[in-house]
Every structure is written in C-alpha cells, then in structure tokens.
Amino acid sequence: MVKFHGHECTGIDIGFKACEVIKSKINIDENIVCISENNSSPIDEVKYIFNFDYKKGNLILREDKGLAYNL
C-alpha cells in the first residue's frame, strides 16, 4: 500500500482500519459507490482495497475537508 500511496503515514492506517470495518459490515460489489468528503491519505486505501476510482464513477469527491466516507 505504501508504494501505491507514495509514502508511509498514519492516514493509510486509518484508511486500512476503515476498510476492515466496511468489509465486515457489507458486501462490496459493482453497485456500491463511495462518497468521500476529502481526497486525503485514507481514501487511497479505499481506492486500493476496493478498486474504486473517480474516473470509474464509483468514487465521488464532495470536498468538505471532513474525514467522512459514505458507502
């Protein structure tokens, strides 16, 4: 993950933990969309683990400077 993100930081740890919780609660499939309120480090973990991408349309950025992700 560090290679994908570009550097080691606590943000990718937060993203990894969030992804663990998400995977334990719901089944991620092609119909799921993630709405992110920021484009900070944790979202790279969501991109990497779930293969979400802004260009694919399954990852939407609503810049609000908050640390929230909605699936």
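*Asks:* Would you take a moment to explain unusual backbone geometry for this structure?
*Replies:* In terms of backbone geometry, most residues other than glycine have negative phi values and most peptide bonds are trans. At Asn51, a position not held by glycine, the phi torsion is positive, near 60°. For Asn51, a relative accessible area of 48% puts it in the partly exposed group.

*Asks:* Could you clarify how one ought to interpret the pattern of salt bridges in this entry?
*Replies:* Note that side chains of opposite charge can pair when their charged atoms are close. Taken as a whole, this structure holds 2 salt bridges when the rule is applied. A salt bridge links Lys17 to Glu20; the nearest nitrogen and oxygen atoms lie 3.3 Å apart. Of the two residues, Lys17 and Glu20 are both situated in helix H2 (residues 10-25); the distance of 3 residues between them amounts to about one turn of the helix. For Glu20, a relative accessible area of 34% translates into the label partly exposed. For the salt bridge of Asp44 with Lys47, the shortest nitrogen-to-oxygen distance reads 3.4 Å. Here the residue Asp44 and the residue Lys47 both occupy positions in helix H3 (residues 41-50), the gap between them amounting to 3 residues, near one helical turn. Neither Asp44 nor Lys47 differs from the other in exposure class; each is buried.

*Asks:* Sorry if this is basic, but what is going on with the nonpolar core here?
*Replies:* In a soluble, globular protein the nonpolar side chains are often hidden away together inside. Cys19, Ile22, Ile32, Cys34, Ile43, Val46, Phe50, Phe52 and Leu59 form the largest nonpolar core, which has 9 residues in total. Of the residues forming this core, the biggest block, 3 residues, is contributed by H3. Look past the residues within four positions of Cys19 in its chain and what remains in contact with it is Glu45, Val46, Ile49 and Phe50.

*Asks:* Would you explain the packing of aromatic side chains in this entry?
*Replies:* Each pair of aromatic rings is reported with the distance of its centres and the angle of its planes. Inspection of every chain in the model, using the stated rule, returns 2 aromatic pairs. Considering the side-chain rings of Phe4 and Tyr48, the 5.3 Å spacing of their centres and the 50° angle between planes classify their relative orientation as tilted. With Phe4 in helix H1 (residues 2-5) and Tyr48 in helix H3, the pair connects residues that are 44 residues apart, well separated along the chain. On the basis of relative accessibility, which here comes to 43%, the residue Phe4 falls in the partly exposed class. On the basis of relative accessibility, which here comes to 46%, the residue Tyr48 falls in the partly exposed class. Centroid distance Phe50 to Phe52: 5.8 Å. Interplanar angle 40°. Geometry classified as tilted. As far as the burial class goes, Phe50 and Phe52 line up, both buried.

What counts as what
Residues numbered from 1 in each chain as written. Predicted model: local features only at pLDDT ≥ 70, side-chain atom pairs only at ≥ 80, totals over all residues. Heavy atoms only, no water. Buried < 20%, exposed > 50% of the residue type's maximum accessible area, 1.4 Å probe, protein only. Salt bridge = Lys/Arg side-chain N within 4 Å of Asp/Glu carboxyl O. Helix = DSSP H or I, 4+ residues; strand = E, 2+ residues; numbered from the N terminus. Core = buried A, V, L, I, M, F, W, Y, C linked by side-chain atoms within 4.5 Å. Contact = heavy atoms within 4.5 Å. Phe/Tyr/Trp six-rings, centres within 6.5 Å; stacked < 30°, edge-to-face > 60°.

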